[in-house]
Amino acid sequence: MNIIIKGKQNNIAVVDSEEILISDSTSALDMAMSIQYEANTSDIVIPKQCIIEDFFQLSTKLAGEILQKYMNYGIRIAIVGDFSEYKSKALKDFIYESNKGKYFFFVLTEQDAIEKLESTKNRV
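Just so it is clear, the structure is predicted and the values come from calculations on it, not from any experiment.

Conventions adopted
Residues numbered from 1 in each chain as written. Predicted model: local features only at pLDDT ≥ 70, side-chain atom pairs only at ≥ 80, totals over all residues. Heavy atoms only, no water. Helix = DSSP H or I, 4+ residues; strand = E, 2+ residues; numbered from the N terminus. Rg over C-alpha atoms; globule rule 2.2 N^0.38 Å. Buried < 20%, exposed > 50% of the residue type's maximum accessible area, 1.4 Å probe, protein only. Contact = heavy atoms within 4.5 Å. Lys, Arg positive; Asp, Glu negative; His and termini not counted. Charge placed at Lys NZ, Arg CZ, Asp CG, Glu CD. Core = buried A, V, L, I, M, F, W, Y, C linked by side-chain atoms within 4.5 Å. Pairing = 2+ DSSP bridges. Axes fitted to C-alpha atoms, helices over the stretch in contact; angles between N-to-C directions. Left-handed = near helix turned anticlockwise from the far one by under 90°. Nonpolar A, V, L, I, M, F, W, Y, C, P; charged D, E, K, R; others polar.

> Explain the overall build of the chain here, please?
A tally of regular secondary structure across the chain gives 4 helices and 5 strands. The secondary structure elements of the chain, listed N-terminal to C-terminal, are β-β-α-β-α-β-α-β-α. Against the compact-globule benchmark of 14 Å for 124 residues, the chain has a radius of gyration of 13 Å, which places it among compact chains. Principal axes of the C-alpha set define a box for the chain whose edges measure 35 × 25 × 25 Å. Every one of the 124 residues in the chain was classed for burial, and the buried ones make up 44%. Here the contacts in the chain between residues at least 6 apart in sequence split such that 70% fall between residues at least 24 apart. For the chain, the distance from the average position of its 14 positive side-chain charges to the average position of its 18 negative side-chain charges is 10 Å.

> Looking at this structure, I do not really get the nonpolar core. What am I missing?
A general feature of soluble globular proteins is that nonpolar side chains tend to end up buried together. Within the largest apolar cluster, 31 residues are counted, with the highest numbers of intra-cluster contacts made by Ile22, Ile46, Phe55, Phe56, Tyr70, Ile77 and Ile79. At 6 residues, the largest contribution of residues to this core is made by helix α1 (residues 25-39). Counting 10 residues, the second-largest nonpolar core is a separate cluster that includes Ala78, Val80, Phe105 and Ala113.

> Which parts of the structure should I look at to understand unusual backbone geometry?
One can expect most non-glycine residues to show negative phi and most peptide bonds to be in trans. One non-glycine residue, Asn10, adopts positive backbone phi at about 50°. Counting through the fold element by element, Asn10 comes out in the loop between β1 (2-6) and β2 (12-16). With a relative accessible area of 54%, Asn10 lands in the exposed category. In this structure, Asn40 takes a positive phi of about 55° despite not being glycine. Structurally, Asn40 can be placed in the loop between α1 and β3 (43-47). The class for Asn40 is exposed, based on a relative accessible area of 70%.

> Just to check I follow, could you spell out the sheet that holds strand β4 (residues 76-80) for this structure?
Spatially, the 5 strands line up as an open sheet ordered β1-β2-β3-β4-β5, and their pairing is mixed. The sheet is open, and its two edges are formed by β1 and β5 (104-107), each paired on a single side. Averaged over all pairs of adjacent strands, the angle between strand axes in this sheet comes to 20°, irrespective of strand direction. Alignment of β1 against β2, held across 5 bridges, turns out to be antiparallel.

> I'm lost on the packing of α1 against helix α2 (residues 62-72) in this one. Help?
What describes two packed helices is the angle between their axes and the distance between those same axes. At a minimum axis distance of 9 Å, the contact between α1 and α2 shows a crossing angle of 35°. Crossing hand, α1 versus α2: right-handed. Within the contact between the two elements, α1 uses Ser25, Ala28, Leu29, Met31 and Ala32 and α2 uses Leu62, Glu65, Ile66, Lys69 and Tyr70. A breakdown of the residues in the contact of α1 with α2 according to their chemical character gives 7 nonpolar, 1 polar and 2 charged.

Shown next, in the form of structure tokens:
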């Protein structure tokens, strides 16, 4: 996993990896804590392909479990990818509601992720 620092204030960690980094709540928290330690930031951009597919099946409750842990630790995350392939209304609603908040975002591009994290930073 490579971490690239971006953003207007150099305070957003962009993860560059081809491997699955989040497979359960423990690995999700380990990854975030490593990034927090190495990059001194709690704002993270991660590609969708770094997250196990079960995350996007809300019936597994993995997404809720992970995002609750992130919220408890003040970690904000933007997941980058094409989510149009998912047909689940529940997931679409979850993505829609998350994108209206200030902690978790599902966006199409890395630039969208950075902009979303920057524009909501002061609302936390």
